[in-house]
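Spelled out, the chains give:
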Amino acid sequence: MNAMRTFRSGGVRLAYEQDGPAGGAPLLLLHALGENRGSWVRVVPALAADGWRTTALDLRGHGDSDHADDYAYEAMRDDVFALLDELGLDGVTVVAHSVGTVVASLVAMDRPAAVRRMVLEDGPLPFPADPPRPVPAGPGPGAEPTGYDWRVVAAVARQRNAPPARHREGLAEITAPTLILGGGPSSHIPQDQLADVAARIPGARFTTIPAGHMIHDDRLPDFLAATRAFLSEG
């Protein structure tokens, strides 16, 4: 990737990096909880070589982006809107993992013209977590420093336990062709619910790559093959 750049969204400074040809079709990468833009370090060179102009964002509270008081998925969605506006982008392709898939879905629901296609990798679901996720009150005694704000974990747990109805009902409003990649039975994400999400998004496809939750880390060639095949259709 190239040098880090920053922009502001509602007073929060956010970091991103770009790679690939300047005139390439825009592709946005959104990482998982507790990760950062470096999560895509092996994915970016492959997609950039295909001619995509990639933009990898550090979500608020992660990596080089500021910690914030609000970690609602809607705040993260608004950060993506601000990034697209900052860069003058429209009709982007989005590749997202885990928590990033929720953000991507909200962007596609609420600004349909902004999203051309989506690949959603083993993401959290718009159904109440069963059993409920524990909500941490803070880092444990002697906890090592992390590259993210621990309050993000608490906020995501609360939202997973009681997701807004809009997160589920709005799936039917997504117009972007969508590929959902599931990690199979070794993933902690219920795969039947992922299939349900795919059924709610008009025309979406659900494909299993039995790698567990970290598909693009543990089965990179298969992840790239599925992603490239899907993106080549558009």
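That block above? That's the structure.
A brief look at the structure comes next. (Residues numbered from 1 in each chain as written. Predicted model: local features only at pLDDT ≥ 70, side-chain atom pairs only at ≥ 80, totals over all residues. Heavy atoms only, no water.)

Turning our eyes to something else, we now look at the overall build of the chain. Looking only at helices and strands, the chain features eight helices and eight strands. For the chain, the C-alpha radius of gyration of 16 Å lies close to 17 Å, the compact-globule estimate for 234 residues. Expressed along its principal axes, the backbone C-alpha trace of the chain runs to roughly 45 × 40 × 30 Å. In the chain, the proportion of contacts linking residues at least 24 apart, taken out of those at least 6 apart, comes to 75%. Total accessible area computed for the chain in this model is approximately 9,600 Å², and 52% of it derives from carbon and sulfur atoms. (Helix = DSSP H or I, 4+ residues; strand = E, 2+ residues; numbered from the N terminus. Rg over C-alpha atoms; globule rule 2.2 N^0.38 Å. Contact = heavy atoms within 4.5 Å. Areas by Shrake-Rupley, 256 points an atom, 1.4 Å probe, with all protein chains shown as cover.)

A full pass over the atoms with the stated rule returns one cavity of 30 Å³ or more. Within the residue set of the lining of the largest cavity, elements represented by two or more residues are α3 (99–110), α4 (150–161) and α6 (191–200). The element best represented in the lining of the largest cavity is α3, accounting for five residues. (1 Å grid on protein atoms, 1.4 Å probe; cavity = no way out; pocket = protein on both sides within 12 Å on 5 of 7 lines; lining within 4 Å. Points joined across faces, edges and corners; volume = space filled by probe spheres on them.)

With respect to burial, strand β6 (residues 115–121) is a largely interior element, six of its seven residues being buried. Note that strand β5 (residues 92–97) and β6 share six bridges and pair parallel. By the bridge assignment, His97 is partnered in β6 with Glu121. Handedness of the crossover is the feature at issue here: the chain leaves β5, passes through α3, returns alongside β6, and the resulting connection is right-handed. The pairing of β6 with strand β7 (residues 178–182) spans four bridges and is classified as parallel. The residue bridging Glu121 from the neighbouring strand is Leu181, located in β7. (Buried < 20%, exposed > 50% of the residue type's maximum accessible area, 1.4 Å probe, protein only. Pairing = 2+ DSSP bridges. Right-handed = clockwise from strand over helix to strand, strands pointing away.)

Inspection of the entire model under this criterion finds 17 salt bridges. The closest approach of N and O atoms between Arg228 and Asp50, which form a salt bridge, is 2.7 Å. Of the two residues, Arg228 is situated in helix α8 (residues 220–231) and Asp50 in the loop between α1 (43–49) and β4 (53–57); the sequence distance between them amounts to 178 residues. For Arg228, a relative accessible area of 33% gives the class partly exposed. (Salt bridge = Lys/Arg side-chain N within 4 Å of Asp/Glu carboxyl O.)

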